Amino acid sequence: MTELLYQTHSYLQTFSATVTAVDESNHAVLLDRTAFYPGGGGQPYDLGVLRSAGGEIALERPRKGPEGVWHVLAAGTDLPAPGTSVEGQIDWARRYRLMRTHTAMHVLCGVVFRDYGAQVTGGDMEPLKGRMDFEFESMSKELVGVIEAAVNVEVEAGHPVRVQILPRETAFQIPDLIRTKINLLPPGIAEVRTVELVGLDLQADGGTHVHNTAEVGRVRVVDYKSKGRINKRIYVELEDL
Ligand SMILES: [Zn+2]
């Protein structure tokens, strides 16, 4: 299995690794460790480059498989052979924006649950933009403004972001995690990674986050939409710092 460096070191921009397998048909290599986020939980995958003695190859996309993380490389390039030492470099401008955006989405979840008891039902993001669906009966321009103000208060409050990897049994006893439907996790999973905005929000989550909510910067709620009687979608944007 590939060691998932991004799970514990979200600020890692470069890393060294060894190619452990090659998939010619998908033009991809498997690495023993990676800092490239392969996507999931609404957070898009990372981009970047892989360097070896043979030169630099653009990463088309990382993809999680049963064997670990495959790195699909730019078409028409020579794949490094198994055993080759490589250095990966993340497109940091994109990733850091995604980290700020992902943490902003958790601030929004935390605020909406704390103030209105509304659960999140889905979400998606791209750099500096995101949307989340909540179990909300009615949404108005006025309410959106109140939510936006509350989100920015919590961003500026500077909540530390704490990531933990817990044994399944421990995680299943935390009330905040039970409310976020942690019980829907597949039975085979022995450990649960949690992301806590200390004092605001706690979720089971696989994504990469900033270390403190203050890094998110100003958040604007730019739109909202009804997606059904008890489902409302909120759109947010972050400033480009
Ligand atoms: Zn998340």
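All values reported here derive from a predicted model rather than from experimental measurement.

(A) Molecular detail of the coordination of the zinc ion. Note on the zinc ion: its protein donors are H102 (NE2), H106 (NE2) and D205 (OD). The metal-donor distances range over 1.9 to 2.1 Å. Between the donor residues of the zinc ion, the gaps in sequence give the motif H-x3-H-x98-D. On the criterion of sequence distance, the pair formed by H106 in helix α2 (residues 92-116) and D205 in the loop between β13 (201-204) and β14 (219-226) is long-range, its members being 99 residues apart. Classification of H106 by relative accessible area gives buried; the value is 3%. According to the relative accessible area criterion, D205 is buried, its value standing at 12%.

(B) Helix α3 (residues 141-156), seen in detail. The terminal C-alpha atoms of α3, which comprises 16 residues, lie 23 Å apart, in line with the 22 Å expected from a rise of 1.5 Å per residue. Those residues of α3 that fall on the buried side of the exposure criterion are L143, V144, I147, A150, V151, N152, E154 and V155. Those residues of α3 hidden inside the fold are in contact with α2, β14 and β15 (232-238). The first or second residue beyond α3 is G158, which carries a positive phi of 70°.

(C) Representation of the sheet that holds strand β9 (residues 120-126) within the structure. The four strands lie next to each other as β9-β10-β15-β14, forming an open sheet whose pairing is antiparallel. A strand with exactly one partner marks an edge of an open sheet, and here the two such strands are β9 and β14. Between one strand axis and the next, the sheet turns through 20° on average, direction left out of account. As paired strands, β9 and strand β10 (residues 129-134) are joined by six bridges and run antiparallel to one another. Each bridged residue has a counterpart across the sheet, and for G123 the counterpart in β10 is M132. Sheet contacts for α2: β9, β10, β14 and β15; angle to β10, the most-contacted strand, approximately 25°. Along the sheet, α3 makes contact with β14 and β15, crossing β14 at roughly 145°.

Calculation criteria
Residues numbered from 1 in each chain as written. Predicted model: local features only at pLDDT ≥ 70, side-chain atom pairs only at ≥ 80, totals over all residues. Heavy atoms only, no water. Donors = N, O, S within 2.8 Å, 3.2 Å for Na, K, Ca; no water. Helix = DSSP H or I, 4+ residues; strand = E, 2+ residues; numbered from the N terminus. Buried < 20%, exposed > 50% of the residue type's maximum accessible area, 1.4 Å probe, protein only. Expected span 1.5 Å × (residues − 1). Contact = heavy atoms within 4.5 Å. Pairing = 2+ DSSP bridges. Axes fitted to C-alpha atoms, helices over the stretch in contact; angles between N-to-C directions.

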